[in-house]
Amino acid sequence: MNTDELESALMRAELRVLEIQTKLHRWARDDPHRRFDDLFNLVADPAFLLVAWDRVRGNKGARTAGVDGRTAVSIQVGQGVEEFLDWLRSALKDRSFRPLPVRERMIPKANGKLRRLGIATITDRVVQASLKLVLEPIWESDFLPCSYGFRPNRRTHDAVAEVRFLATRNYQWIVEGDIKACFDEISHSSLMDRVRQRVGDKRVLALVKAFLKADILGEDRRLRENYAGTPQGGLCSAEHNDPYEQCWIMRSVGLSFLVRAVPRVQRCA
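Each value, and the rule that gives it
- Residues numbered from 1 in each chain as written.
- Predicted model: local features only at pLDDT ≥ 70, side-chain atom pairs only at ≥ 80, totals over all residues.
- Heavy atoms only, no water.
- Salt bridge = Lys/Arg side-chain N within 4 Å of Asp/Glu carboxyl O.
- Helix = DSSP H or I, 4+ residues; strand = E, 2+ residues; numbered from the N terminus.
- Buried < 20%, exposed > 50% of the residue type's maximum accessible area, 1.4 Å probe, protein only.
- Core = buried A, V, L, I, M, F, W, Y, C linked by side-chain atoms within 4.5 Å.
- Contact = heavy atoms within 4.5 Å.
- Axes fitted to C-alpha atoms, helices over the stretch in contact; angles between N-to-C directions.
- Parallel < 35°, antiparallel > 145°, perpendicular 65-115°, else oblique.
- Left-handed = near helix turned anticlockwise from the far one by under 90°.
- Nonpolar A, V, L, I, M, F, W, Y, C, P; charged D, E, K, R; others polar.
- pLDDT = per-residue confidence, 0-100.
- Arc of directions from axis to C-beta.
- Expected span 1.5 Å × (residues − 1).
- Phe/Tyr/Trp six-rings, centres within 6.5 Å; stacked < 30°, edge-to-face > 60°.

In this structure, what is going on with the pattern of salt bridges? I would like to understand it.
Counting across every chain of the model gives 11 salt bridges. Two residues, Arg198 and Asp142, come together in a salt bridge whose shortest N-O distance is 2.8 Å. Separated by 56 residues along the polypeptide, Arg198 in the loop between helix 9 (188-196) and helix 10 (202-213) and Asp142 in the loop between helix 6 (122-140) and helix 7 (156-167) bring together distant segments of the chain. Judged by its relative accessible area of 2%, Arg198 falls in the buried class. Judged by its relative accessible area of 16%, Asp142 falls in the buried class. A salt bridge links Arg196 to Asp193; its shortest N-O distance comes to 3.0 Å. Of the two residues, Arg196 and Asp193 both sit in helix 9, three residues apart, roughly one turn of that helix. Arg196 sits in the partly exposed class, given a relative accessible area of 33%.

Help me understand the nonpolar core, please; the structure alone is not making it clear to me.
Generally speaking, nonpolar side chains in soluble globular proteins are found buried as a group. In terms of nonpolar packing, the biggest core is built from 54 residues, with Leu39, Trp53, Leu92, Val126, Val204 and Leu207 touching the most fellow members. Contributions of two or more residues to this core are made by helix 1 (3-30), helix 2 (40-43), helix 3 (46-58), helix 4 (72-77), helix 5 (81-93), helix 6, helix 9 and helix 10. Take this core: its biggest share by element is 10 residues, from helix 6. With sequence-adjacent residues up to four places away left out, Leu39 is seen in contact with Leu24, Val134, Leu135, Ile138, Val199, Asp201 and Val204.

Which parts of the structure should I look at to understand the environment of Glu185?
For Glu185, the location among the structural elements is in helix 8 (residues 182-185). Judged by its relative accessible area of 53%, Glu185 is exposed.

Explain the packing of helix 9 against helix 10 to me, please; I cannot follow it from the model alone.
With their axes 11 Å apart at the nearest point, helix 9 and helix 10 run at an angle of 155° to one another. As summarised for this structure, helix 9 and helix 10 are arranged roughly antiparallel, according to the angle between their axes. Like other packed secondary-structure pairs, helix 9 and helix 10 cross with a definite hand, here right-handed. Contact residues: helix 9 offers His188, Leu191, Met192, Val195 and Arg196, while helix 10 offers Leu205, Val208, Lys209, Leu212 and Lys213. A breakdown of the residues in the contact of helix 9 with helix 10 according to their chemical character gives six nonpolar, one polar and three charged.

Would you mind going over the confidence of the model for the chain with me for this structure?
For the chain, the average pLDDT comes to 80, and 83% of its residues sit at 70 or higher. When pLDDT is averaged over each helix and strand of the chain, the minimum, 43, is found for helix 11 (residues 246-252) and the maximum, 95, for helix 2. Counting contacts from residues 238-269, a segment whose pLDDT is below 50, to residues more than four positions away or on other chains yields 90 contacts.

I keep staring at helix 9 and nothing clicks. Help me out?
The α-helix advances 3.6 residues per turn, and as a result positions three or four apart in sequence lie on the same side. Where helix 9 is concerned, the buried positions are His188, Leu191, Met192 and Val195. Down the axis of helix 9, the smallest arc covering the buried residues is 100°, so these residues share one side.

Can you help me understand helix 5 in this one?
Taking 1.5 Å as the rise per residue, helix 5 with 13 residues should run 18 Å; its terminal C-alpha atoms sit 18 Å apart, in good agreement. Every buried residue belonging to helix 5 is among Val81, Phe84, Leu85, Leu88, Ala91 and Leu92, and all of these are buried. Along the long axis of helix 5, the arc covered by the buried residues comes to 125°, so they all point the same way. A positive phi of about 65° marks Arg95, the residue just after helix 5.

What is the right way to look at the packing of aromatic side chains in this model?
Aromatic rings considered in pairs are described by the distance between their centres and by the relative angle of their planes. Within the structure shown, the criterion is met by three aromatic pairs. Taking 5.6 Å as the distance between ring centres and 55° as the angle between the ring planes, the aromatic pair formed by Trp53 and Phe84 counts as tilted. In this pair, Trp53 sits in helix 3 while Phe84 sits in helix 5, placing the two residues 31 residues apart along the sequence. Seen from their ring centres, Phe97 and Phe211 are 6.1 Å apart, and the 55° between their planes marks the pair as tilted. Highlighted residues: Phe97 in the loop between helix 5 and strand 1 (102-108) and Phe211 in helix 10, separated in sequence by 114 residues.

If you want it as structure tokens, here you go:
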């Protein structure tokens, strides 16, 4: 497939993905208690995988390899995008796909401490991105307007603008909260319980759990199992546009609400 054919296929794929996302969002909005039982075929759909590939390829992290040493460019030049996505779809469909270990990098923080960053393989990132395309419109229907964290078409500046607006309306208090080592200590079982509230497809649940449980290859080159938490940079990390909006992550470790600059506490999601 040459460049022009790929661009044409991508345009058609984006239209198909948007159409299906619109339906998923509408169904989820119309029935807040609906559980979706047939989502795996969408995750493995050629259109969703192609759009997911384009999202991963366009990210600056595409130049960084995971444990297999492959980058987006190396896949394009070597195997080719069409062959790569055909192989990946087959691996998903026949259930032979398994996430590889996440390569860990320790990034210095401004306060002198270190933040754990998890670098998944390009292949795993494409599957994660496809999962996000399917799951995000479902959870989006559950979030309140007061929630701005890591959501499509929303950004930090929007939250700041609302705070400034409320500050001019006689609101005098702003409460800021943070969970220490939130991503390092997320309970896998609690997070999966939240996912099951909306997802009934066992194949999708198994795929999400597999990513959560993926081994971690430390900077010391030692492989360790992952019993809790999710490395920032992966599927369930808000730093990587995860499908689980931040308030759901907070609820997974015991909090049931977020505080907003209003006279009372409002539930988020």
